[in-house]
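# Inside the fold
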Amino acid sequence: MLNLQFLQDDGTFAAAVIDSDTLVSDGKPMLSTSPIDGRTQVHSQAATPEVCDRVIARLQAAFEQWRLVPAPKRGELVRCFGDRVREHKEELAELITLEAGKTLQESLGEVQEVIDICDFAVGLSRQLHGLTIASERPQHRMMEQWHPLGPCLIISAFNFPMAVWAWNATLALVCGNTLAWKPSEQTPQCALAMQHLLAIAQRDVEDCPQDLSAVILGDREVGDYLTRQRAFPLVSATGSIPMGREVAQVVAARLGRSLLELGGNNAMVVTPAADLSLALRAIVFSAVGTTGQRCTSLRRLIVHHSVKQQLIDSLIKAYKSLSIGDPRSEHNLLGPLVNEQAWQAMQGAVKAAQQQGGKLLYGGERLSDGVPYGGVYVSPALVDMPGQTAIVEAETFAPILYILSYDTLEEAIALHNGVTQGLSSAIFSQDIGEVETFLSAAGSDCGIANANIGTSGAEIGGAFGGEKDTGGGRESGSDAWKNYMRRATNTINYGGDLPLAQGIQFDL
Ligand code: UN1
């Protein structure tokens, strides 16, 4: 059984947990409720600056040791952690469903993502390699080394309460860093469960130092305090664009490094050459999966006018067949929105779309029959828009799909790129010319561009992130590990002379 052993006598979670030690504080009381039924799950305390400082000092001391442990040995810790996660997969998924309201299937998928990134990081722990570069000087060798960076701060959102941390944490660990994690106030137990399993894994690995990782609970103020600390050479933040803008400014002011994964306003282009039945399935999963609360959720459908009506008819039919309700029940494909504010935002956006000339084709209602009392359950909305109006340009974290039409591919791409966000994108077409154009430099301007699959559900092996207001960061696969290390260029002279670069003569 997963034992969340961090409770104090009064049933409140401590403000911070480092290794297995709990640090209490007299910080602001916080409470998190389950989106399923609005019931209170957990009381906790926000960390005070004093608690944050204590944690940071311990993470710094542990970093001094951890950076000297050979990387493959650091990989061993991540391997053991991944084993523990595998063992507890079901329980962890249940916790995600309880705190984030995702369906059990999707929560299991998220835990699988944690497992997959562990495997990736273990392999990576033997591949943290630099280049050797031809030196212009005789008897000189030039090479790069990648060194650990320091304690890394991870700020994560409610919708991926384990996987997004794991993308950052597993790579940062094999790269020789220690970790502070400020999770969303909505999902403290998910964070504490990860912390607990990591602490167990640490005990399984011989000579593994303590204090490699800490969870620090708190609100925005705590996040802000932590972000300001020079002790964190890297701040990796996932969340809204306004939050990212603040983090970026604070970190830039102290010349630190930030890794941002912010909002998306993801679109799919459906051309006359598309396999429409394939497109339909991709659209529905991308638009309503996780109740439209993924940063990769599909929000704009840009469809050629010749296939528009046919696609709308099939979409309405598919939307009508969706089962919505308690995310713990296997047959529901949609769970609740995270809270009342999310519903206010959804209602507001649907109303604004109508005022801006949109026609509500389906959904957008709050449901009360056959759903748990106290949660916010909605029918996903389909809105036919006359053009890319202001509301279409904004990301609303809810299941609303705006439908736009186009005549030429050029026009479709211009609409596609005509928003400030740049995370994920897709084209559906069996025409290779259309596909390659969309994926080319003249095509999608997003960090993720897909053909004949949806916008959401990215695999961990690729670099994940986007351009423009999405923040520019890349996490997870490919060479994203370089974010968590510092590069040193070394030039070694093994000869008896001291030739200078650029042929400069400086004879004493
Ligand atoms: C997020 O919503 O912050 O591509 C991350 C996906 C997931 C990750 C989403 N693998 O949908």
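You'll find the structure just up there.
In this report, the structure presented in the accompanying data block is examined. (Residues numbered from 1 in each chain as written. Predicted model: local features only at pLDDT ≥ 70, side-chain atom pairs only at ≥ 80, totals over all residues. Heavy atoms only, no water.)

Counting across every chain of the model gives two cavities of 30 Å³ or more. Here the largest cavity defines a volume of roughly 120 Å³. Lining the largest cavity we find 13 residues, and of these Phe-160, Trp-167, Cys-295, Thr-296 and Phe-464 sit closest to its centre. Looking at the lining of the largest cavity residue by residue, the class counts come to six nonpolar, four polar and three charged. Considering the residues around the second largest cavity, the lining is formed by Met-30, Ser-44, Pro-183, Ser-184, Glu-185, Pro-188, Leu-217 and Gly-218. In the lining of the second largest cavity, the residues fall into four nonpolar, three polar and one charged. (1 Å grid on protein atoms, 1.4 Å probe; cavity = no way out; pocket = protein on both sides within 12 Å on 5 of 7 lines; lining within 4 Å. Points joined across faces, edges and corners; volume = space filled by probe spheres on them. Nonpolar A, V, L, I, M, F, W, Y, C, P; charged D, E, K, R; others polar.)

Right, let's talk about the pattern of salt bridges for a bit. All told, the structure shown has 24 salt bridges when counted by the stated rule. Across the pair Asp-211 and Arg-58 runs a salt bridge, and its minimum N-O distance is 2.9 Å. One end of the pair, Asp-211, is in the loop between helix H6 (188-204) and strand S10 (213-216); the other, Arg-58, is in helix H1 (residues 49-66), with 153 residues separating them in the sequence. Its relative accessible area of 12% is what places Asp-211 among the buried residues. (Salt bridge = Lys/Arg side-chain N within 4 Å of Asp/Glu carboxyl O. Helix = DSSP H or I, 4+ residues; strand = E, 2+ residues; numbered from the N terminus. Buried < 20%, exposed > 50% of the residue type's maximum accessible area, 1.4 Å probe, protein only.)

Okay, the sheet that holds strand S2 (residues 16-18) next. The mixed open sheet is built from seven strands, whose spatial order is S3-S2-S10-S9-S8-S11-S12. Bordering the open sheet on either side are strand S3 (21-23) and strand S12 (257-261), each of which pairs with just one other strand. Sheet twist, expressed as the mean angle between neighbouring strand axes with direction ignored, is 15 degrees. Across three bridges, S2 lies against S10 in antiparallel orientation. Residue pairing for S10: Ile-18 is matched across the bridge by Ala-214. Its contacts with the sheet put helix H5 (residues 163-174) on strand S8 (152-155), strand S9 (179-182), strand S11 (234-238) and S12, and the angle it makes with S9 is roughly 170 degrees. (Pairing = 2+ DSSP bridges. Axes fitted to C-alpha atoms, helices over the stretch in contact; angles between N-to-C directions. Contact = heavy atoms within 4.5 Å.)

This part covers the site of the ligand. Looking at the ligand, the residues that line it are Glu-113, Asn-159, Phe-160, Trp-167, Glu-261, Arg-294, Cys-295, Thr-296, Ser-456, Gly-457, Ala-458 and Phe-464. With respect to the ligand, the side chain of Glu-113 contributes an N or O atom lying 3.0 Å from a nitrogen atom. For the ligand, the protein covers 99% of the area, taking 320 Å² as the surface of the free molecule. One can see that the ligand is located within the largest cavity. Here the residues of the shell around the ligand sort into five nonpolar, four polar and three charged. (Near = heavy atom within 4 Å. Polar contact = N/O pair within 3.5 Å; in protein donor to acceptor, adjacent residues only side chain to side chain. Areas by Shrake-Rupley, 256 points an atom, 1.4 Å probe, with all protein chains shown as cover. Sits in = over half its atoms within 2 Å of the grid points.)

Along the chain, the position of Asp-21 falls in strand S3. In this structure Asp-21 comes out as partly exposed when scored by relative accessible area, which is 38%. It is 9.4 Å that separates the C-alpha atoms of Asp-21 and Ala-214, two residues lying 193 residues apart in sequence. Every residue in contact with Asp-21, bar those within four places of it in the chain, is listed here: Ala-16 and Arg-58. Reaching out from Asp-21, the side chain makes a polar contact with the side chain of Arg-58 at a distance of 2.8 Å.

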